[in-house]
Amino acid sequence: MQIRKGRRAYSVGELTRYIKTILQGQRVLQNIAVNGEVSNLRRQQSGHIYFTLKDESASLACVMFRTEAARLSFHLENGMKVWAIGSIGVYEVSGAYQLYVSQVEPVGQGSLQLALEQLKQRLASEG
């Protein structure tokens, strides 16, 4: 931290950590359900899944770590409407807030029904 002309100046890291502390201190943001459409879905070799949830007016970056992603009973796809449950946090490297997803449920049908439909489609395509 530096002082310039009587004003406190924070480093980028200090400001980002401060914002992170504020967001993560809000209880409502630590177990929140958000619904939207999945886009920009990327599966990593590590098993993590990165995607964006969007609606008509905004978008939200999301990450689902390997442990939670392994529990999915259906195949998450672009264009799918879902409920994502998780916690808002800040990824300090990029200074971006995102939803750390612990659970995902498809909107309109249960995850088991969707998993069965996806399996039937895959088996049909394989003959």
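Residues numbered from 1 in each chain as written. Predicted model: local features only at pLDDT ≥ 70, side-chain atom pairs only at ≥ 80, totals over all residues. Heavy atoms only, no water.

**Details of the overall build of the chain**
Just so we agree on the cut-off: Runs of H or I in DSSP of at least four residues are treated as helices and runs of E of at least two as strands, each being numbered from the N terminus. Radius of gyration: C-alpha atoms only; globule rule: 2.2 Å multiplied by the number of residues to the exponent 0.38. Throughout this description, buried means an accessible area under 20% of the type-specific maximum (1.4 Å probe, protein chains only), exposed means over 50%, and partly exposed covers the range between. Note on contacts: a residue pair is in contact if any heavy atoms of the two residues lie within 4.5 Å.
Counting its secondary structure elements, the chain contains three helices and seven strands. Listing each helix as α and each strand as β along the chain from the N terminus yields β-β-α-β-β-β-α-β-β-α. A globule of 127 residues ought to have a C-alpha radius of gyration of about 14 Å, yet the chain, at 19 Å, is considerably larger. Dimensions of the chain, computed from C-alpha atoms along their principal axes, come out at roughly 75 × 30 × 25 Å. For the chain, with 127 residues in total, the buried portion stands at 28%. Of the contacts made within the chain by residues no fewer than 6 positions apart, 53% connect residues no fewer than 24 positions apart.

**With respect to the sheet that holds strand E5 (residues 59-64)**
Rules: Two strands pair if DSSP finds at least two bridges between them. Axes here mean lines fitted to C-alpha atoms, for a helix over just the part in contact, with angles spanning 0 to 180 degrees between N-to-C directions.
An order of E3-E4-E5-E7-E6 is seen for the five strands of this closed barrel, with the pairing classed as mixed. With strand direction ignored, the average angle separating the axes of adjacent strands in the sheet is 55°. The strands touched by helix H1 (residues 12-24) are strand E6 (81-91) and strand E7 (96-106); relative to E6, the strand with the most contacts, the crossing angle is about 135°.

**So, the nonpolar core**
Selection criterion: Remark: nonpolar core denotes a set of buried residues (Ala, Val, Leu, Ile, Met, Phe, Trp, Tyr, Cys) joined through side-chain atoms within 4.5 Å.
In this structure, Ile49, Phe51, Met64, Leu76, Val101 and Val104 are the most contacted members of the largest nonpolar core, which totals 20 residues. For this core, the secondary structure elements donating two or more residues are strand E3 (32-43), strand E4 (49-54), E5, E6 and E7. Leave out the neighbours within four places in its chain, and leucine 76 touches Val38, Leu41, Arg43, Ile49, Phe51, Val82 and Val104.

**Here we look at the side chain of threonine 16**
The criterion, for reference: Polar contact is defined as a pair of N or O atoms within 3.5 Å, subject to the rule that within protein one atom must be able to donate a hydrogen and the other to accept it, and that residues adjacent in sequence are counted only when both atoms are side-chain atoms.
Following the sequence through the fold, threonine 16 ends up in helix H1. Threonine 16 sits in the buried class, given a relative accessible area of 12%. At 2.9 Å, the side chain of threonine 16 and the backbone oxygen of valine 12 are in polar contact. Residues within four places of threonine 16 in sequence aside, it is in contact with Val90, Glu92 and Gly95.

**Examining the pairing of E4**
Where E3 meets E4, five bridges bridge the pair, whose relative direction is antiparallel. The residue of E4 that forms the bridge with glutamate 37 is lysine 54. Pairing of E4 with E5, which is carried by six bridges, proceeds in the antiparallel orientation. Each residue of the ladder has a partner; that of phenylalanine 51, found in E5, is cysteine 62. Where E4 folds back onto E5 in an antiparallel hairpin, the turn is made up of four residues.

**Describing the pattern of salt bridges**
Rules: Salt-bridge detection follows one rule: a side-chain nitrogen of Lys or Arg within 4 Å of a carboxyl oxygen of Asp or Glu.
Scanning the entire structure with this criterion turns up three salt bridges. With a closest N to O distance of 3.7 Å, arginine 17 and glutamate 92 form a salt bridge. Here arginine 17 is found in helix H1, whereas its partner glutamate 92 is found in the loop between E6 and E7, with 75 residues between them in sequence. Taking relative accessible area as the criterion, arginine 17 reaches 42% and is therefore assigned partly exposed. Assessed through its relative accessible area of 32%, glutamate 92 is described here as partly exposed. For glutamate 92, the salt bridge identified is with lysine 20, shortest N-O distance 3.2 Å. Of this pair, glutamate 92 sits in the loop between E6 and E7 while lysine 20 is found in helix H1, placing the two residues 72 residues apart along the sequence.

This is a description of form; function is not addressed.
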